[in-house]
Amino acid sequence: MISLCILASISIGLQEIEQETERAWRTPEEIRAHLTNQAETVDEITISTIGHTQLGQPIQCIEIAREGAVAIEDRSAILVVAGIDGNHLLGSEVAIDLIAHVLVMDPEETRNLLETHKLFVIPQVNADVAQYYFTPASPEMIKNNRPVDDDNDGYTDEDSPEDINGDGFVTMMRVPDLEKATHIVDPETPRLNASPDALQGTSAEFVLYSEGLDNDNDGKFNEDAIGGVDINKNFMHGYQYHGDGAGVWQLSEAESKALADFVFAHQEIAFILVYGRHDTLSKPFKETGKDQAGAPKTLHTGDVELYEKISESFTEFTDLKNINQPNWNGSFVAWAYAQFGVPAFSTPLWGLPEGDDNSENSDNEETKSSELTPSGVGDIAQETIDELTEAAIAKGYIQEDEMESEITAEEIEMYCKMMGIEVKRINTSSGNKEKSTGDGAWLEYSDNSRNGEGFVEWAPFDHPQLGKVEIGGWVPYFKTVPPTNVIATRAEEQAKFLVDIANKLPSVRLGTPNVTQLGKTTWEIKIAVINDGWFPTGTAMAESNRRARPFVVRLDTENSKIITGQKVQRIWALSGGGTHKWFTWTVQARSNSDLSVQLYSEKFGSESIKIKMKQTNGGEQ
Amino acid sequence: MKQLLTTLVLLFATSNALAQAPYPSKVDLRFDHWYDYSEMTTALHELVAAYPNLLSIKSLGNSVGGLEIWLVTLNNPKTGTDREKTAMFIDGNIHGNEIQAAETVLYSIWYLCKSYGQIERLTELIDERSFYFVAMANPDGREVWFHQPATPHFLRGGIRPVDNDNDGLLDEDGPDDLDGDGHITSMWIKDELGRYEIDEQDPRFFTRVEQGSAPGGWTRLGEEGIDNDDDGRINEDGIGGYDPNRNWPADWQPEWIQRGATDYPFSLPETRVIGEFLLDHPNVAALQSYHNAGGMILQGPSASYMKYPSSDNRTHTEIANKGGEMLPFYEPMIAYKDLYTVHGGEDGFSYEGLGIISFTNELWTDKRMRANGEDPTKEERKLFRDHLQFEDVYVPYKEIDHPVYGKVMIGGTTKYSSRLTPPWMLEEGCHRNFAFTMFHADEMPHLSWGALDVTSIGKNLWKVTIEVANDKIIPSRTSMAARHHIGTPDILTCKTNSQNDVAASGTVRSLLKTTKLQRIASENPNRIVINNGIGGNDSTLFQFIIDGKGEVTFTYNAEKGGSLSRKVSLKEQFAPKPILYKRAISPQQ
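The sections below set out a description of the structure shown in this document. None of the values given here were measured: they were computed from a predicted structure.

### Re the interface of chain A and chain B
The interface is formed by 49 residues belonging to chain A together with 51 residues belonging to chain B. Interface area, chain A with chain B, both sides summed: about 4,000 Å², of which 53% is carbon and sulfur. Viewed at the interface, chain B and chain A are joined by two salt bridges. One salt bridge connects B:Asp263 with A:Arg547, and the closest N-O pair in it is separated by 2.8 Å. The interface formed by chain A and chain B holds 14 residue pairs in polar contact (both at pLDDT 80 or more) in total.

Here it is, written out as structure tokens:
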């Protein structure tokens, strides 16, 4: 068997897959060492460094290709990116292991992926933040080490959480403080916290802080932790200027800049898949209207069907269905779709499905539930903002003449806090059903499938500054980093998914030209550009934004010899399935002389056809 | 002979202190002159060499074409470093064709240096503030305007190649100087059906025939050029093809929404180096950018959906209105409303991103031709060009053989004919804009201690009320900075010692004894964080309840406003707010 021979040349990575031993998550250094070794031992693998993280760790890109009919540098490419989210270790490991899978698969199966096209994998963009997983008793980190004065007190990063009870985890503290209290114990699920309801006879009993000391003695706990910029909020589409974790401006961070620069330098990238916290695959990704400048916030209406179809195919290869889809503002995948202009998708590769008892929901509610996402401060409904603004004015927090119609959501949160109103994000349209879709489901999963290791039971603790508190809560990384045995299945599935995508990529060619003699030296030339692939050559978004370069069709003769028709024409988007786009010219030329038609695409390559001025008899395919 | 001797003695006896205006500069620069990159570089360096006690120069980096982006710092080190002081940033010529902006910046440096020690008002300004100047923010574009055949509008952007017509080729078909006169003008062709005719009154021009009347016999073919790439279009993809003033991060939008924005903010070295400089210099509290043309003093917002806090709008408007009075025929305007929408512009970035009160001035308006507030009529314009500019803004029409069109006439107005201040009116334009900018600089926050009241409220218990005042229009923290937590908030600290301790602190509304403290609950009442800063022409009364005796030291630190320090003895005392009228008849304490 062919795969056995290749097996011999692919060393460590594949052995791990075959043996199914209890594997550990690899540190960034181990990952780099492994990849460097792969590049040295495997012919099809080339490695390069596309940049460095803030702390100087190299960001590696792997190119996987086999010799084929088309020169490697002329091929269009699929790009897989993982580890932009520093806590998303699963994505990085799956990105690496799928390479090995792809190389052992039957070469006939992988011909399109590896011989017609090529594969780029950037497995770990954000090694600095990934490193925290391997730091004992670290909180779960998403933001990088850029110093940011989170609490606007003139000091930076002066108060981070700590593991004060020595259980090896940074969790939460329930602090009885009737003045600052915001929560009660959830009466149904005592491990969870809930908002008090006066009409139910409950009032707030404790305030929640992350575990730690008040390092700077300002009365606030862990209010300005280490952690500055979320790389996946640092990209141009939906960028929240001055937003939490957005960075000082777009692409301010070395990691995001390196990734963007790589993509810009490789216009041949035709499809992008991201492993990270965003999801556009486990269920159809929706169109949600336009932003204030006129760009589609999520999808262009013309791409909804495309995304639905890819989502369907994705859920055939994996069993990932119906996972939460966080807002993608500022993310790499959003930018890749909306501005770089190619089909771009993201998946967390793992997660609990959203309310599977809600599968009966009408479309309306589904839309609502995907709009009300549990992240980001900008998701409060306008009516709510209006009501809260009025209340804040009534309380004197906002001066009437200072009020702007664009009060920020952060200000609303602040006023809510001041008024004693808790801002809680809900995942479903039907209210605070924590149980079925949020923490409740995670508790069930932790208890039933993971020996309860996801949650640290609340236990009393004598806090040196706060007195008697309770410490407990979710174990960091529990909800984002699964057991390593997930890796193998996912990697195999993703390899197959990518093979399928490669088979669907546009396949564009020039058809057989049709030449009709109109006069002694007057000819009509008809030729079609045909896309035999499945994907259109450009998404509706790319057509709108004019960024993904078009196909250029050029009739190679003197312009003065062209009687009718433009010498240079462009195709911004050509649908697949064998769609023909026809070009007709009337030219002046000598009988039996040659002209050529050139088809050029920065993304998909070039082709040229010689046409003899001689009557053809029909016959375009 | 005796008279001559007396005159000579008087001349030699004259000292600097009795020098008369206009004050000479150590560097003889003319302001009826256009300085190309090399001449401007020389002029800037000459000024720095002549005034080393005030000026320094460095390159922020290189343009796409490898030219230096010169930054000149004006600061009197005897009164502090440039970073310690509140600073103003002034640049010009980010659009390469808007050349007089650079001369305006050059004029500012030149005038300030020669006035130091001569004009008291400006001497004070220089001692108190620091200035950062970038005369040529787009040196590549400027050089194209100077040394390649150009127009009043070209080259606006930079020289990085862009495939403007999406045909897979870069910069393959720009304008061409077909008649070799050093200018890009227009091409006209005899066309029986053409809608233009040679003007009856003035045969130097073509005019459009009236609707419905017979054809005039001529058609305008477009800008001078040939179809270099033989694709059937002329001049569709010339040098560059982007706008550096759409490349800034705040409200940056991609090309299909904002033409010229390029792929991402700060993708251009010219904008990035300035952005990074501003980020690294949070002491900058005012920004002025010079462009042409139109006679405008522009403030944001630059997009209709951007809402600025009303107090900052008022600050901008108050300063701009003064400018309108100092600059005849210039109008203060709000960009998106009165001009057009701009996404990703420089002043949008400096204000929205960094909280700096910023303006863009469009230098020169045709209204200056007649100086009566009106746009010139056709006849007035003709008079100006023919008799005041001596027809020097036209080139005569030449007939050439165009490879595609055959015989065409090429000629018309040159790059000197519009947008550009006539050189003999340049110095006034420079001065008035410079003066407006100095007014703006002078209105940057200036913090000082106001009143002080120390009252005993018990045994070894004191109520200390200390006022921090800002006697300028610009607050020490704009509302934009406060709202978005830009930079560091103002901090007031009370340094105690073993003898005393702060029990509580906050603000009070007045000095009346009955006014209650608005306490700021804090574990560290010695340190008050003032996110809103001190308002424009305003003051804040801070109050500290202090246990103990002896002395405490108050320090107020503002990123834009500098540092103040004051020792206060814990004993009953009152000192009113000093009134700072300089040059008043009887200065008060």
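On we go.
### A few points about the pairing of strand 18 (residues 500–508) of chain B
Residues and elements named next belong to chain B. Counted residue by residue, strand 18 has seven buried out of nine residues, so it is predominantly covered. Both strand 18 and strand 19 (residues 518–519) contribute to a ladder of two bridges, which runs antiparallel. If you follow Gly 506 over to strand 19, its bridge partner there is Arg 519.

### Observations concerning the layout of surface pockets
All names here are of chain B. Approximately 1,600 Å³ is the volume attributed to the second largest pocket. If you trace the second largest pocket, you find 49 residues lining it, with Val 162, Asn 164, Gly 240, Gly 241 and Tyr 242 closest to the centre. Split into classes, the residues belonging to the lining of the second largest pocket amount to 16 nonpolar, 16 polar and 17 charged.

### Let's talk about empty space enclosed by the protein
Where empty space is left becomes clear once a probe the size of a water molecule has been rolled over the atoms. Residue and element names in this part refer to chain A. Throughout the structure, instances matching the rule amount to nine cavities of 30 Å³ or more. Of the pockets and cavities examined, the largest cavity occupies roughly 90 Å³. Approximately 70 Å³ is the volume found for the second largest cavity. Around the second largest cavity sit 14 residues that line it, and Ala 270, Pro 343, Pro 536, Thr 537 and Phe 604 are the ones nearest its centre. In terms of residue class, the lining of the second largest cavity is built from nine nonpolar, four polar and one charged.

### Here's the deal with the environment of B:Glu128
All names here are of chain B. Of note, Glu 128 is situated in helix 4 (residues 120–128). Residue classification places Glu 128 among the partly exposed residues on the basis of a relative accessible area of 26%. Between the alpha carbons of Glu 128 and Phe 384 there is a distance of 43 Å; along the sequence they are 256 residues apart. Other than its neighbours up to four places away in sequence, Glu 128 contacts Lys 85, His 446 and Lys 582.

### Thoughts on the nonpolar core
Within the largest apolar cluster, 131 residues are counted, with the highest numbers of intra-cluster contacts made by A:Leu79, A:Ile122, A:Ile272, A:Phe332, A:Trp585 and A:Val587. Sequence-distant contacts of A:Phe332, that is, excluding residues within four places in its chain, are made with A:Leu79, A:Val81, A:Ile84, A:Asn232, A:Phe235, A:Leu259, A:Val263, A:Ile272 and A:Val274. Counting residues in each nonpolar core, the second largest holds 66 residues, with B:Val48, B:Met88, B:Leu426 and B:Phe436 among its members.

### Side note on the sheet that holds strand 9 (residues 284–292) of chain B
Residue and element names in this part refer to chain B. The strand order across the open sheet formed by eight strands is 1-2-4-3-9-12-10-11, and the pairing between neighbours is mixed. Strands at the two margins of the open sheet, each flanked by one partner only, are strand 1 (55–62) and strand 11 (331–334). Mean inter-strand twist for the sheet, computed between neighbouring axes without regard to direction, equals 20°. Bridge analysis of strand 2 (residues 68–74) against strand 4 (residues 130–134) gives three bridges, and the strand direction is antiparallel. Along strand 4, the bridge assignment pairs Leu 74 with Phe 131. Along the sheet, helix 9 (residues 346–353) makes contact with strand 3 (87–92), strand 9 and strand 12 (357–363), crossing strand 12 at roughly 170°.

About the cut-offs
Residues numbered from 1 in each chain as written. Chains lettered and ligands numbered in written order. Predicted model: local features only at pLDDT ≥ 70, side-chain atom pairs only at ≥ 80, totals over all residues. Heavy atoms only, no water. Contact = heavy atoms within 4.5 Å. Buried area = accessible area lost by both parts, 1.4 Å probe. Salt bridge = Lys/Arg side-chain N within 4 Å of Asp/Glu carboxyl O. Polar contact = N/O pair within 3.5 Å; in protein donor to acceptor, adjacent residues only side chain to side chain. Buried < 20%, exposed > 50% of the residue type's maximum accessible area, 1.4 Å probe, protein only. Helix = DSSP H or I, 4+ residues; strand = E, 2+ residues; numbered from the N terminus. Pairing = 2+ DSSP bridges. 1 Å grid on protein atoms, 1.4 Å probe; cavity = no way out; pocket = protein on both sides within 12 Å on 5 of 7 lines; lining within 4 Å. Points joined across faces, edges and corners; volume = space filled by probe spheres on them. Nonpolar A, V, L, I, M, F, W, Y, C, P; charged D, E, K, R; others polar. Core = buried A, V, L, I, M, F, W, Y, C linked by side-chain atoms within 4.5 Å. Axes fitted to C-alpha atoms, helices over the stretch in contact; angles between N-to-C directions.

This is a description of form; function is not addressed.
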